[in-house]
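As a plain string of letters, each chain reads:
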Amino acid sequence: MNLLEVSDLKVYYHTTKGVVKAVDGVNFIVEEGTSVGLAGESGCGKTTLGLSFLKLLPENGMIEGGSLIFEGDDIYSLDEKDFRVNVRWNQISMIFQGAMNALNPVFKVEDQIAEAIKLHSTKTKKSERLATARDLLKRVDIDPTMGRHYPHEFSGGMRQRAMIAMALACDPQLVIADEPTTALDVIVQKQLMDLLRRLKAEMNLSMVVISHDISVLAELCDYLNIMYAGRIVEWGGIEGVFENPRHHYTHGLISTFPTVEDKERKSTFEFIPGAPPNLLDPPLGCRFHPRCPAATEICRQEPTPELREISEKHYVACHHPRGDLH
Amino acid sequence: MIKRSKVEKTIGLLILITLFLPILPVMAEDEVELTGPWADELFFKIYLNPEVEYLALKTGDINLMDWELPAEKVADALADPNIVTDSTADLGYYLIDINCQRWPTSDVHFRRALAHLVDKARIETDILQGFGYALDSPVPVVLGGWANPDIRTYEYSAALAAAELDLGGFTDTDADGIRNDPITGDNMADVLFFIRIDDPERKQAGEWLAAELKALGVPIEGELAVERSVCSNAVMDTPAGEWNVYTGGWGLGRDPDHLADFYHSKEFDPECIGGWRGYNYPGFVNSTFDYWADLLKTASTFEDTKEAAFMCQEIIAEQVPGIPMYGHIGVKAYRVEWTDLVNAVGTGINSWWSTYNMHPAAQDYGGRIEYGIKSDIETLNVMTAAWTYTWEVLDKIYESPYTNNPYDLADDWGWLAESWEIEDWVSPTGVDGIKITFHFVEDAIWHDDVPFTAEDMEFTYNYIMEQGIPRYASSTQFIEDVVLVDDYTLEVYQDTTSYFAFHYINIPVLPKHIWEDVGDDWQDYDPVAEGELIGLGPWKFVDYVAGEYVHLVANEDYWKFPDRFYQGLSMAEIGQAKSLSMLRAQLAAANLAVEVQAESISELSSQFTDFQASALELIGSSVDSIGDLADNIEALDANIGTLDAEIVSLTSDISGIETQTSNLQAGLSSASNLGYASIGIAILVGAIAIFMSRRES
Amino acid sequence: MSLKRYILKRILYSFVLLFFALTLNFIIFRMAPGNPIQIVASGMRLEPEQVERLIELWGLQEPLHVQYVRYLKSTLTWDFGYSYNSLEPVGREIMERLPNTLLLMGVSLFFAITFGTVFGIYAAYKRGSLFDLTSVSISLFSYALPTFWMGLLMIYVGGYVFGLFPLAGTMSRPPPLDPIVRIFDLAWHLFLPGLTLFLFQYGAWLLMMRSTLLEALHEDYITTARAKGVSERGVLFKHAFRNAMLPLVTNIALQIPGLLNGAILTETVFSWRGLGLYTWSAIQFTDYPVLQALFYIFALVTIVCNLIVDVVYGYIDPRIQY
Ligand SMILES: Nc1ncnc2c1ncn2[C@@H]1O[C@H](COP(=O)(O)OP(=O)(O)OP(=O)(O)O)[C@@H](O)[C@H]1O
Ligand SMILES: [Mg+2]
């Protein structure tokens, strides 16, 4: 059974220049106990999608349509307080990018973790909560006594571990990790990935991992979604997508991605000619067609191609998928 | 031209009219006996904002205020039924200063030409508009008999001015519209003309004069418009003397000796050794004038002194080291609930005499005078006090040997010294001087009940001279010796023969029994803290809270007027402190009543017959007096006619007060500039502090 | 480094700064135009002996370095010498006025911070609402109003037209005898000047509180807090406010010199006998010893405020490096 089922989700940002269609009709599934990757160029709407699961969008971001079924419940229909108390962190928690700023600089780390526990199990005692917080720190390989310190006293990697510990504080069914390793050096990245893999195995976690770095996803995920200009253009089992990418964009992404061991070549997407489209006014038809080597007249016409199952558990939104005969 | 509303102009006219009532011929008011104090208390309230002080007068928080109302407030005050206004001429005058040391103003013809170009009639009508009056002599009419009415005057006339210029050789020989210099033959160099722009009146008068000069073909450099500080630097404080004409002004004392100060050659200090060019910064050097100026300061009789003063004025009028233009008239206000105030010459309605003589209109005595003053008191130490507002308080508490007729500055009135003689005297070193013998009253007592004697006065002079107290330096500068003759007679020897020397030594008397203990400590001495603010005057000190108020009460034992509490028998309110004198008064009254009653019984019958007789007489005499009355009415009619004529003739204009407002504003703005500068420094230091501390951390 | 050592270092550092300010203050007034004798002698003519006496009184005959030591000593002992204008001891005058200024500034600062921050937080919480809009406009308006004019308006309306409050001074004249009544009397007199000085600062506090809060609300840790399920109120008051406090504390120190400026104007309008009024009259009379003393005090206040802020920062901002 699917833990999370998103259908036809639309998230638009209202700006003075117009409406930014950051997520425009996305379908997304997470099966229980699996981890699902979400990859795509910068600005394609990955973070927006992740935030919309927790309704954490900035003030000008609106969910304009679609539904989100979590464990069989339509959680978008919950009232605000219910959503806040029951869904956030309790069912779905999130690991933010590991920069300094995701933790509040003026509170001790253990207090921040304990706060998360308190918010969802009010009856616990403070000492219990602190003990749990220290336990969690230990789980992510941080000396529990460090909990008494402030975030600025932690290194980047430690902060990200603390963030992970915090994400696990309420035993959530789903953890969303948005760029969990970005901006960290390679060794730390590797350690973190090991940690996430270990935790996933130990706790049978379901995860959504967002990254523009497809190599990270290759190591962590069971399924992979490729996003382009606000839409999912391909998804399937990790091996299937990697070995046999059917969308031309996916192919472009994968063909030269660097491996974790081979990070010196940081430039990831340069080779796809052209620039990502302006989401204020995306191109008609297939949004990738201006950059697509296989584009034909049909690609330039509406409607935009929908995802279709091209082989078992492998979906692609393309008029001319790779490997198909024209 | 200074803009004033119609209302203000009308008011100006009214003021001018009321003003000349007291200052024209000294009227019969000196016959009115001024007595006091009549009020029970005198309470000074300190306001540091003049606007607020005026509001306080309107609400009745104060009954009397110290400063002159600006024109727009005069309109408001006249419309307020609770406020009474009265006007008086200021002790001071405004003039065109002329540098006699710099070409071409060193040429007397050039200076006379300037004098012909000052249109005083227009200044009166268009600038002053009732708040001032034109004058020709540096001795303004408020100084009374010292003003010389027969000096040379300069008719406003461009033609006469041109003639003077031609006479001096400043002719336009090359006919290019610019007059030529008689020495070089070239076109004249620019005349440096400094106009004070912070004073709108002087600015206007200066600009007119500059325009007239230009019209006559005299080149002027820029009409250098300047603030007070710039001008005092350029005109008065630098040896260079790079100026020709300046719009000046002076405040004066009661004596005309400023004539000598302003134009005597020894008061000119071209090297600025004393820090400035001296009182005679125009650099007028004239030996005849010096002779008369010396005489003015050394002549011992009124007649000789007056002759010297007249000669000085004549020479100034002839030689024109300055062109007197106008004096100011100020309007002051008080509440209608009070009456019998005294509009003293030079001070106005808030004079010492007012507080002394005034009383509530509804009763003859009692009440509390609430007197608004617009500044704090600096100190109540009579030895260091230098501030006008401090003296508003101190002169009510302390007394001096003599005073002067409030309506005539030249008329000295005996006070603590009932009388005096002034005799010639030659000092042991052979210097001519005078000896003044004071005869003091015998019944004066200090506020702490110690009797006053001439010893107190002797002590005062000696103390001031021994301690070298700056404030009184000029008062005692000529005293050679002080000799106590007896308890009430004191001789003061001065090594000058000046008629005014007698005025120098008129200073407040110190109580010897208090100040002999102060000794060298006069600088730090605080009589309030010591509870020793003891004087002789009509008001006794009670309490002072800095920045808030000074509280004085009537001195029930005031030597000058011991009858106060016999007349004002409302003792109930006056309290225990006064009960003794009250009892005395009541006893005397009761005794009197018994006697009178006994007498009256026998007298009543005789009185009755007397009355009959006098009634018959009265009937006869009233027939006569009806006739007299008719005559009187005729005479009165004639009087009214002349008064009307006077009113019409006084159509001259007025103004003055707006100037002071703008002076004040200019002062304020420069003050606030400095204020910002100071804050700037504090912020700078703060900023440095912050900057450095941030860098540290 | 420990917190204790940090504080010690700050104190030491403040002393160095104070010394610097002291010296600057000395130099500025040595360079200022005009000589005291001229200032004092305006209006009276002095004999040479008298001039000498005055020169001695202010020690002007001594060489500069001796004057400097004298100045240091008199400043550090709060003696400050004698006024050019009144010849009174400046230290005594200052001590007399200090309480009034502290009262006026303290009360208005307290209310300005309290109301400014509370309404600032509420405006940030309700950003975009009518409340937010009106309180921001009112703040901008009161912030821009000239204090002098505002004070006069208050006196005119509150004191004259309605007669609710006194026109001037710190007490009724004569003051009530009962000490309890006197306290009420003082409060009654404090009301209008306090309100004026309050309005002088209030707007700045509100605007600053609001904007720092809104800025803090855009930080990533706020999203984290929201994700954790913290309520909107908790986000604002706990997570954002604690961070916004830091600039607020700095601002107190930065506001003090400006506040002195406001106090000068307010005290002058209301005849409130404090240091501000003293400054104003000293400027009028170019009374250098008084100005020198006051500048020193202003610098001292600024430095002490900075020291306090540094120390408080040491406690409330964990990021401070000792
Ligand atoms: N608050 C906002 N208002 C307007 N537009 C926004 C806002 N936040 C994001 N966007 C726009 O929405 C689009 C999607 O942004 P999003 O942050 O979801 O992309 P992303 O795929 O996560 O990119 P990255 O890899 O850089 O994190 C971008 O074009 C971005 O400019
Ligand atoms: Mg992103």
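Keep in mind it's a predicted model, so treat the numbers as computed, not measured.

### A few points about the overall build of chain C
- In terms of helices and strands, chain C carries twelve helices and zero strands.
- Secondary structure of chain C in N-to-C order comes out as α-α-α-α-α-α-α-α-α-α-α-α.
- Expressed as a percentage of its 322 residues, the buried residues of chain C come to 56%.
- By sequence separation, contacts in chain C at least 24 residues apart represent 73% of the contacts at least 6 residues apart.
- About 14,400 Å² of surface is accessible on chain C, with carbon and sulfur atoms providing 70% of the total.

### Examining the overall build of chain A
- The number of helices and strands found in chain A is nine helices and twelve strands.
- Counting all 326 residues of chain A, 54% fall into the buried class.
- For chain A, the share of sequence-separated contacts (at least 6 apart) that also reach a separation of at least 24 residues comes to 66%.
- Of the roughly 14,100 Å² of accessible surface on chain A, a fraction of 49% belongs to carbon and sulfur atoms.

### What to know about the pattern of salt bridges
Residue and element names in this part refer to chain A.
- Tallying each qualifying case throughout the model produces 46 salt bridges over all chains.
- The salt bridge involving Glu202 is made with Arg198; its shortest N-O contact spans 3.3 Å. Note that Glu202 and Arg198 are positioned in helix α6 (residues 186–203) at a spacing of four residues, about one turn of the helix.
- The exposure class assigned to Arg198 is partly exposed, which follows from its relative accessible area of 33%.

### Quick notes on the packing of aromatic side chains
- This structure, assessed with the given rule, holds 65 aromatic pairs over all chains.
- Considering the side-chain rings of B:Trp353 and B:Trp415, the 5.4 Å spacing of their centres and the 85° angle between planes classify their relative orientation as edge-to-face. Here B:Trp415 lies in the loop between β14 (412–414) and β15 (417–426) and B:Trp353 lies in helix α12 (residues 352–357), a separation of 62 residues in the sequence.
- Assessed through its relative accessible area of 5%, B:Trp353 is described here as buried.
- For B:Trp415, a relative accessible area of 7% puts it in the buried group.
- Among the aromatic residues, those joined into a ring-pair cluster are C:Phe110, C:Phe111, C:Phe115, C:Phe119, C:Tyr122, C:Tyr125, C:Phe131, C:Phe198 and C:Tyr202.
- One Lys or Arg, B:Arg122, reaches over the ring of B:Trp208 and ends 3.8 Å from the middle of that ring.

### Thoughts on helix α6 (residues 158–167) of chain B
All names here are of chain B.
- Listing the buried residues of α6 in full gives Ala161, Ala162, Glu164 and Leu165. Projected onto a plane normal to the axis of α6, the buried residues spread over an arc of 160° and lie on a single side. In α6, those exposed residues whose orientation departs by more than 90 degrees from the buried face are Ala159 and Leu167.
- On the buried face of α6, the contacting elements are α4 (108–116).

### Observations concerning a nonpolar patch on the surface
Residues and elements named next belong to chain C.
- There is a patch of nonpolar side chains on the surface, built from Trp149, Leu153, Tyr156, Val157, Val161, Phe162 and Leu164 and spanning about 700 Å² of accessible area.
- In this structure, Phe162 sits in the loop between α7 (147–161) and α8 (179–217).
- Residue class for Phe162 comes out exposed when judged on its relative accessible area of 56%.

### Some words on the site of ligand 1
Residue and element names in this part refer to chain A.
- The local shell around ligand 1 holds 16 residues, among which Ser42, Gly43, Thr47, Thr48 and Asn60 are the closest.
- Gly43 places a main-chain nitrogen or oxygen 2.8 Å from an oxygen atom of ligand 1.
- In the model, an oxygen atom of ligand 1 is placed 3.2 Å from a nitrogen or oxygen of the Cys44 main chain.
- Alone, ligand 1 offers 630 Å² of accessible surface; in the complex the protein occludes 66% of this.
- Of all the secondary-structure elements, those providing two or more residues to the shell around ligand 1 are β1 (2–15), β2 (18–31) and α1 (46–53).
- With three residues, the top contributor of residues to the shell around ligand 1 is α1.
- Taken together, the residues that form the shell around ligand 1 break down as six nonpolar, seven polar and three charged.

### Topic: the pairing of strand β3 (residues 35–39) of chain A
All names here are of chain A.
- Within β3, five of the five residues are buried, which leaves it mostly tucked inside the rest of the structure.
- Examined bridge by bridge, β3 and strand β8 (residues 206–211) share five bridges and lie parallel to one another. Following the sheet pairing, Leu38 is matched in β8 by Ile210.
- Pairing of β3 with strand β9 (residues 223–228), which is carried by four bridges, proceeds in the parallel orientation. Bridge pairing in β9 places Ala39 opposite Ile226.

### Things to note about the interface of chain A and chain C
- Each partner contributes to the interface: chain A provides 25 residues, whereas chain C provides 20 residues.
- Taking both partners together, chain A and chain C bury about 2,100 Å²; carbon and sulfur atoms supply 61% of that area.
- Among the residues chain A hides against chain C, the three largest losses belong to A:Val106, A:Phe107 and A:Glu115. Together they make up 26% of the total.
- At the junction of chain A and chain C, the tally comes to three salt bridges.
- One salt bridge connects A:Glu59 with C:Arg127, and the closest N-O pair in it is separated by 3.1 Å.

### A look at a negative patch on the surface
- Judged by side-chain charge, B:Glu418, B:Glu442, B:Asp443, B:Asp486 and B:Asp487 come together as a negatively charged surface patch.
- By relative accessible area, B:Glu418 is classed as exposed at 54%.

### Re the packing of helix α6 (residues 130–144) of chain C against α8(C)
Residues and elements named next belong to chain C.
- Contact geometry of α6 with α8 gives a least axis separation of 8 Å together with a crossing angle of 135°. It follows from the interaxial angle that α6 and α8 lie oblique. Where α6 crosses over α8, the handedness of that crossing is left-handed. Only Leu199, Phe200, Tyr202, Gly203, Ala204, Leu206, Leu207 and Arg210 of α8 make contact with α6, whose side of the interface consists of Asp132, Ser135, Val136, Ser139, Leu140, Ser142 and Tyr143.
- Of the residues belonging to the contact of α6 with α8, the class tally is nine nonpolar, four polar and two charged.

### Section: the sheet that holds strand β18 (residues 489–494) of chain B
Residues and elements named next belong to chain B.
- Spatially, four strands are ordered β15-β16-β18-β17 in an open sheet, and the strand pairing comes out antiparallel. This sheet does not close on itself; its edge strands, each paired only once, are β15 and β17 (479–486). The mean inter-strand angle of the sheet, taken between neighbouring strand axes irrespective of direction, is 20°.
- The pairing of β17 with β18 spans six bridges and is classified as antiparallel. Across the sheet, Leu484 pairs through a bridge with Leu490, a residue of β18.

### A few points about the sheet that holds strand β6 (residues 92–95) of chain A
Residues and elements named next belong to chain A.
- Strands sit in the order β6-β7-β8-β3-β9-β10-β12-β11 across an open sheet of eight strands; the sheet is mixed. The outermost strands of the open sheet, each flanked by one partner alone, are β6 and β11 (308–311). Recorded for the sheet is a direction-independent mean angle of 25° between the axes of neighbouring strands.
- In terms of strand pairing, β9 meets strand β10 (residues 231–237) through six bridges, oriented antiparallel. Pairing of Tyr223 across the sheet is with Gly237, part of β10.
- Taken strand by strand, α1 contacts β3, β6, β7 (174–178), β8 and β9, and its axis lies near 150° from that of β8.

### Considering empty space enclosed by the protein
Residues and elements named next belong to chain A.
- One pass over the full model with this rule turns up nine cavities of 30 Å³ or more.
- Of the volumes computed, that of the second largest cavity is approximately 70 Å³.
- Along its surface, the second largest cavity is lined by Tyr228, Arg231, Ile232, Val233, Cys286, Arg287, Phe288, Thr304, Pro305 and Ala317.
- The greatest single-element share of the lining of the second largest cavity, amounting to three residues, is contributed by β10.
- Residue composition of the lining of the second largest cavity, grouped by class: seven nonpolar, one polar and two charged.

### Comments concerning the environment of A:Ile63
Residues and elements named next belong to chain A.
- Position of Ile63 among the secondary structure elements: in strand β4 (residues 61–70).
- For the pair Ile63 and Lys10, spaced 53 residues apart in sequence, the C-alpha to C-alpha distance is 5.9 Å.
- Setting aside its immediate chain neighbours within four residues, Ile63 contacts Leu9, Lys10, Val11, Ser52, Lys55, Leu57 and Tyr76.

### Looking at the confidence of the model for chain C
- Counting all residues, the mean pLDDT for chain C is 85, and 92% of those residues have values of 70 or more.
- Overall fold confidence (pTM) sits at 0.69, and the ipTM for the predicted complex is 0.86.

### A few points about the nonpolar core
- Counting 121 residues, the largest nonpolar core has B:Met383, B:Phe438, B:Phe440, B:Tyr461 and B:Trp515 as the members making the most contacts within it.
- At six residues, the largest contribution of residues to this core is made by helix α14 (residues 454–467) of chain B.
- Mapped onto the domain boundaries, this core takes at least three residues apiece from domain 1 (92–328) and domain 2 (413–536) of chain B.
- Ignoring sequence-local partners within four residues, the contact set of B:Tyr461 consists of B:Pro401, B:Phe438, B:Thr476, B:Ile479, B:Val482, B:Leu490, B:Val492, B:Ile505 and B:Ile507.
- With 105 residues, the next largest nonpolar core counts B:Leu69, C:Met154, C:Leu167 and C:Ala299 among its residues.

Parameters at a glance
Residues numbered from 1 in each chain as written. Chains lettered and ligands numbered in written order. Predicted model: local features only at pLDDT ≥ 70, side-chain atom pairs only at ≥ 80, totals over all residues. Heavy atoms only, no water. Helix = DSSP H or I, 4+ residues; strand = E, 2+ residues; numbered from the N terminus. Buried < 20%, exposed > 50% of the residue type's maximum accessible area, 1.4 Å probe, protein only. Contact = heavy atoms within 4.5 Å. Areas by Shrake-Rupley, 256 points an atom, 1.4 Å probe, with all protein chains shown as cover. Salt bridge = Lys/Arg side-chain N within 4 Å of Asp/Glu carboxyl O. Phe/Tyr/Trp six-rings, centres within 6.5 Å; stacked < 30°, edge-to-face > 60°. Lys NZ or Arg CZ within 6 Å of the ring centre and 35° of its normal. Arc of directions from axis to C-beta. Patch = residues over 30% accessible without salt bridge, like charges linked within 9 Å, V, L, I, M, F, W, Y side chains within 5 Å. Near = heavy atom within 4 Å. Polar contact = N/O pair within 3.5 Å; in protein donor to acceptor, adjacent residues only side chain to side chain. Nonpolar A, V, L, I, M, F, W, Y, C, P; charged D, E, K, R; others polar. Pairing = 2+ DSSP bridges. Buried area = accessible area lost by both parts, 1.4 Å probe. Lys, Arg positive; Asp, Glu negative; His and termini not counted. Charge placed at Lys NZ, Arg CZ, Asp CG, Glu CD. Axes fitted to C-alpha atoms, helices over the stretch in contact; angles between N-to-C directions. Parallel < 35°, antiparallel > 145°, perpendicular 65-115°, else oblique. Left-handed = near helix turned anticlockwise from the far one by under 90°. 1 Å grid on protein atoms, 1.4 Å probe; cavity = no way out; pocket = protein on both sides within 12 Å on 5 of 7 lines; lining within 4 Å. Points joined across faces, edges and corners; volume = space filled by probe spheres on them. pLDDT = per-residue confidence, 0-100. Core = buried A, V, L, I, M, F, W, Y, C linked by side-chain atoms within 4.5 Å. Domains from an automatic or database assignment.

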